[in-house]
Amino acid sequence: MKSENQTGAVEFLLLGLSDDPELQPLLFGLFLSMYLVTVLGNLLIILAICSNSHLRTPMYFFLSNLPFTDICFSTSTVPRMLVNIQRQSKIISYAGCLTQVCFVLVFAGVENFLHAAMTYDRYVVICHPLRYSVIMNTCLCIPLILLSLTISIVDGLLHSLMVLGLSFCTELEVPHFFCELDQVIKLACSDTLLNNILVYVVTSMLGGVPLLGIIYSYIKIVSPILRISSSGGKNKAFSTCGSHLSVVSLFYGTAFGVYISSAFTDSTRKTAIASLMYTVVPQMLNPFIYSLRNRDMKEALRKLIRTSPFL
C-alpha cells in the first residue's frame, strides 16, 4: 500500500458511533446535551468551591481542579465530533488528530493523578487527623498539581512525537469518535514495536502506580473506620470518602471496561461505545456525585444559587 509520511495531505476518518444518516441528528442532540451538562455542572462545582470560604481546604482544592480537568477532557473530544456530525464529514487532519491524541493523554493523566492525590488526602484526614494541617499544606498541594500536570504533558508530547515518526497507509479509518492513541498506532505502515512498548511501559507506570496507591490508601482507611465504636462515627467517616470513592470507581471501572471490551470483541463499534464510557460519561456524572453525596457541597451550591443573579 502507498504510504504517506508526516505530510499535510494525510487525513484520518473518524468513523464515530454509527453510519446511519437518520441517527446523526439524534447523536448530535445527545452529545451536545451531555457536553453542556458536563461544562455547566463542573463550572458550578468550581464556582461553589471558590465562592465559599469554608471550602478552602486541601480536599476542595483538589476537587476544584478535578472539574476543570473534566471540562478540558470532554472538550478535547466531543466538540470535534459535533462539528463532524454537523458538517456530515468524518475527516480530521493529521495535525488535528495528533493534537487530539496529545490533549486526551494529558487530561486523562492529570485526572488519574488527581484521584490519587485526593485519596491520599482522605487517608491523611482519617488515619492522621491530628497531623492533617501539617502534612496537607500549600507547600504540598500546589507542587502535587504542578507535578501531575508536568508529567502528563511530557507523557502526551512523548507519545505524540513517537507517532510523528510513523508512516501511515492510505486507509486511515479510526473506528472511534476521536483519535485514540492505540487505534492511531494500529493504522501505521511502519514498525510500531517501540510505540507499543512505550504505551505498555508508560501505562503501567503512570496508570498502575497511582491506582495501586489508591487501593492501598483505601485499605488503610477502612481499618481505622471499622474500629470506630459508634455507628454515627462510622457513617461520618464513610461519607467523607463516599463521593470520591464513587468517582474513582466510575473513572477506573469505565477505563477497564474499554480495554476488556476491546480484548474480547472484534466489533469496532462496541469498542467505540466503550470508549465513550470513560471519555464522556464520568466527566458528566462527577458533579452530580459530589453535589448529591457531599453535605458541604450541597450547602455551598445552595448559597451560590441564592446569591447569584444568573442562577
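All values reported here derive from a predicted model rather than from experimental measurement. (Residues numbered from 1 in each chain as written. Predicted model: local features only at pLDDT ≥ 70, side-chain atom pairs only at ≥ 80, totals over all residues. Heavy atoms only, no water.)

## Considering the nonpolar core
Within the largest apolar cluster, 63 residues are counted, with the highest numbers of intra-cluster contacts made by Phe 31, Phe 62, Leu 63 and Met 297. With 11 residues, the top contributor of residues to this core is helix 4 (residues 94-127). Once residues within four sequence positions are removed from consideration, Phe 31 is found in contact with Leu 17, Val 78, Met 81, Leu 82 and Leu 276. The next biggest cluster of nonpolar side chains, apart from the first, holds 21 residues, and it includes Val 101, Val 163, Leu 172 and Ile 185. (Core = buried A, V, L, I, M, F, W, Y, C linked by side-chain atoms within 4.5 Å. Buried < 20%, exposed > 50% of the residue type's maximum accessible area, 1.4 Å probe, protein only. Helix = DSSP H or I, 4+ residues; strand = E, 2+ residues; numbered from the N terminus. Contact = heavy atoms within 4.5 Å.)

## Quick word on the sheet that holds strand 2 (residues 11-14)
Taken together, three strands build an open sheet; the order of strands is 3-2-5 and the sheet is mixed. Pairing within the sheet leaves two strands with one partner each, and these edge strands are strand 3 (91-93) and strand 5 (173-174). For strand 2 and strand 5, the ladder comprises two bridges, and the chain directions are parallel. When the bridges of strand 5 are listed, Leu 14 appears paired with Val 174. The sheet strands contacting helix 4 are strand 2 and strand 3, and the helix crosses strand 3 at an angle near 80°. (Pairing = 2+ DSSP bridges. Axes fitted to C-alpha atoms, helices over the stretch in contact; angles between N-to-C directions.)

## Re the UniProt feature "transmembrane region" (unreviewed entry) in the chain
Annotation from UniProt places "transmembrane region" (unreviewed entry) at residues 26-48, 60-79, 91-114, 134-154, 197-219, 240-260 and 272-292. The distance separating the terminal C-alpha atoms of residues 91-114 is 33 Å; by composition the span is 88% helix and 12% strand. (UniProt positions renumbered as here; feature names shortened; annotations may be inferred.)

## Some details on the packing of aromatic side chains
Pairs of aromatic rings are described using the distance from one ring centre to the other and the angle between the two planes. One pass over the structure, following the stated rule, counts nine aromatic pairs. Ring plane angle 65° and centroid distance 5.1 Å describe the contact between Phe 177 and Phe 178, whose orientation is recorded as edge-to-face. Considered together, Phe 177 and Phe 178 belong to a single accessibility category, that of buried residues. The structure contains a cluster of three or more aromatic residues connected by ring pairs, namely Phe 12, Tyr 94 and Phe 168. (Phe/Tyr/Trp six-rings, centres within 6.5 Å; stacked < 30°, edge-to-face > 60°.)

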